[in-house]
Amino acid sequence: MDLRKIPAVVGGSQADRRGVVLAKSIPCKNYGIKTGEPLAKAKEKCPGLVIVPPNYPLYMKCHKALMDILREYSPLVQSFSIDEAFLDYTGMEEHFGPCLKGATLIKNRIREELGFTVNIGISTNKLLAKMASDFTKPDRVHTLFPQEIPSKLWPLPVERLFMVGRATKAKLNELGIFTIGDLANYNRELLGWKLKSHGLLIHDYANGIENSPVLPNDNIQMKGMGNSTTIKFDVDNKKDAHKVLLSLAETVAARLRNEGYKCGVVSVSIKTHEFLRYSHQRKLAAPTDNTNELYEIATQLFDEAWNGEPICHLGIHVSHLYPREFTQYTLFDNVKKGAMLSSLDRAVDNIRKKYGGHSIFRATYLYSGMSPMAGGVGTEDYAVMGNIL
DNA sequence: TCTGGGGTCCTAGGACCC
DNA sequence: TCTGGGGTCCTAGGACCC
């Protein structure tokens, strides 16, 4: 049975309280199932819904294979997410023909060699190409050239525009803006006054104005990173919370070291049983990439912030990233202790690299029912830029 | 109905400095 | 005694993306 042809979703485990729709087949659209909504709600909309668990290693493999094919058609390829990429076709016509022909070639090759279908959008900038790629699916090539904007883009509901989410849709509707065309032809100054810079941005987008370059991912500087986890049970005491934070610190610090960064700011986020979120952050006296230090800071932040309610989700996020070799010591650093801790980190990293992520872990997690390295969706880091073209 | 996890950017208010 | 104005940094929270 082909999951793509029946109502089917990839979803997290409801027992682990991760039961949301992560991806959906095209037939799900008819039932009004939306990505990100609870599985229980999706099942209600479609009683026969088939739910399969995610397989991130497979998605990463497909992602890499896709990128390899795309790079055969241009040196300028930017991976935008696990399943989207931008390709600058400038100058490639002489090798592979006009863009429409080239796109069809790429699309068919992916289908035949990788076994899945893609949509390709063609235009003069990334915004228009992306909007075009979201037109009818599957296995299609669409164009959205500037002269096609009024006929192809403007009739769409405004929330279909990139960067118009739930909150902005509500505000725009309030202003009498319901289609992308309404937005494009709305008074720009007034929109800037009502919605600040975001108003000006989406006004540009509605008019097809966008000029960011296709940037290969190794030229993109990471701004921050973090890991968070939904806990199987509500945590109501510091000891358990600290244990979760330790497992998150393990993951985040290992990623920092793996990417060659130290962080200057640490943030802890808390989501309560009632789904209220709050966070607490601090700039460090000296940047760090050390697991124990990150753990100590995170527990301090947690203790300062926690109001005592049951917790269902915890996260550690680091930012102000500096290349490891540029970092400085403060006057108060214990240099010798720092060197010992960092060589301990190195040793653990090497063991995990050689024998696998779970080959060495802290005894506190034995029989704890908790993962010693929490957070993460896949096993490998890959550069993504969620909402920046 | 019972709600993932990874990111980026913007805004606002307060502290602090000149 | 009571009062400027501008700039930067820090923190918290919210918006958006996949």
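Residues numbered from 1 in each chain as written. Chains lettered and ligands numbered in written order. Predicted model: local features only at pLDDT ≥ 70, side-chain atom pairs only at ≥ 80, totals over all residues. Heavy atoms only, no water.

**Some thoughts on the protein's contact with DNA strand B**
Around DNA strand B, the surrounding shell holds 28 residues, and the nearest of these are Asn227, Ser228, Thr230, Arg255 and Gly376. Here, DNA strand B places atoms within 4 Å of the protein, and 74% of those atoms are sugar or phosphate. At a separation of 3.3 Å, a phosphate oxygen of DNA strand B approaches a polar backbone atom of glycine 224. Listing elements by their share of the surface near DNA strand B, those giving two or more residues are helix H1 (39–45), helix H9 (188–206) and strand S8 (224–235). The dominant element in the surface near DNA strand B, judged by the number of residues it contributes, is S8, at seven residues. Its residues assigned to classes, the surface near DNA strand B shows nine nonpolar, eleven polar and eight charged. (Near = heavy atom within 4 Å. Polar contact = N/O pair within 3.5 Å; in protein donor to acceptor, adjacent residues only side chain to side chain. Helix = DSSP H or I, 4+ residues; strand = E, 2+ residues; numbered from the N terminus. Nonpolar A, V, L, I, M, F, W, Y, C, P; charged D, E, K, R; others polar.)

**Observations concerning the packing of helix H10 (residues 238–259) against helix H11 (residues 291–305)**
In a pair of packed helices, the angle between the axes and the distance between the axes together describe the arrangement. Two elements in contact, H10 and H11, have axes separated by 8 Å at closest approach and are oriented at 140°. When the axis of H10 is compared with that of H11, the two are oblique. Seen from above, H10 lies across H11 with right-handed handedness. For the pair H10 and H11, the contacting residues are Lys238, Ala241, His242, Leu245, Leu246, Ala249, Glu250, Val252, Ala253 and Arg257 in the first and Thr291, Leu294, Tyr295, Ala298, Thr299, Phe302 and Asp303 in the second. The residue inventory of the contact of H10 with H11, partitioned by class, reads ten nonpolar, three polar and four charged. (Axes fitted to C-alpha atoms, helices over the stretch in contact; angles between N-to-C directions. Parallel < 35°, antiparallel > 145°, perpendicular 65-115°, else oblique. Left-handed = near helix turned anticlockwise from the far one by under 90°. Contact = heavy atoms within 4.5 Å.)

**Quick look at the nonpolar core**
Val266, Ile270, Phe302, Leu314, Ile316 and Val318 are the most contacted members of the largest nonpolar core, which totals 35 residues. Contributions of two or more residues to this core are made by S8, H10, strand S9 (261–272), strand S10 (277–288), H11 and strand S11 (311–323). Among the elements that take part in this core, H10 stands out by supplying nine residues, more than any other. With 28 residues, the next largest nonpolar core counts Leu128, Ala132, Val158 and Tyr186 among its residues. (Core = buried A, V, L, I, M, F, W, Y, C linked by side-chain atoms within 4.5 Å. Buried < 20%, exposed > 50% of the residue type's maximum accessible area, 1.4 Å probe, protein only.)

**With respect to the domain arrangement of chain A**
According to the domain assignment, chain A contains domain 1 (3–52), domain 2 (56–147), domain 3 (154–206) and domain 4 (221–365). Just the C-alpha atoms count here: the centres of domain 1 and domain 2 sit 27 Å apart. Listed by partner, the interface residues are four residues for domain 1 and six residues for domain 2. Taken together, the links from domain 1 to domain 2 amount to zero salt bridges. Where domain 1 meets domain 2, there are one residue pair in polar contact (both at pLDDT 80 or more). Considering only residue class, the side of domain 1 that touches domain 2 consists of three nonpolar, no polar and one charged. (Domains from an automatic or database assignment. Salt bridge = Lys/Arg side-chain N within 4 Å of Asp/Glu carboxyl O.)

**Here's the deal with the side chain of serine 81**
Mapped onto the elements, serine 81 comes out in strand S4 (residues 77–81). Note on serine 81: relative accessible area 17%, which makes it buried. Reaching out from serine 81, the side chain makes a polar contact with the side chain of aspartate 83 at a distance of 3.1 Å.

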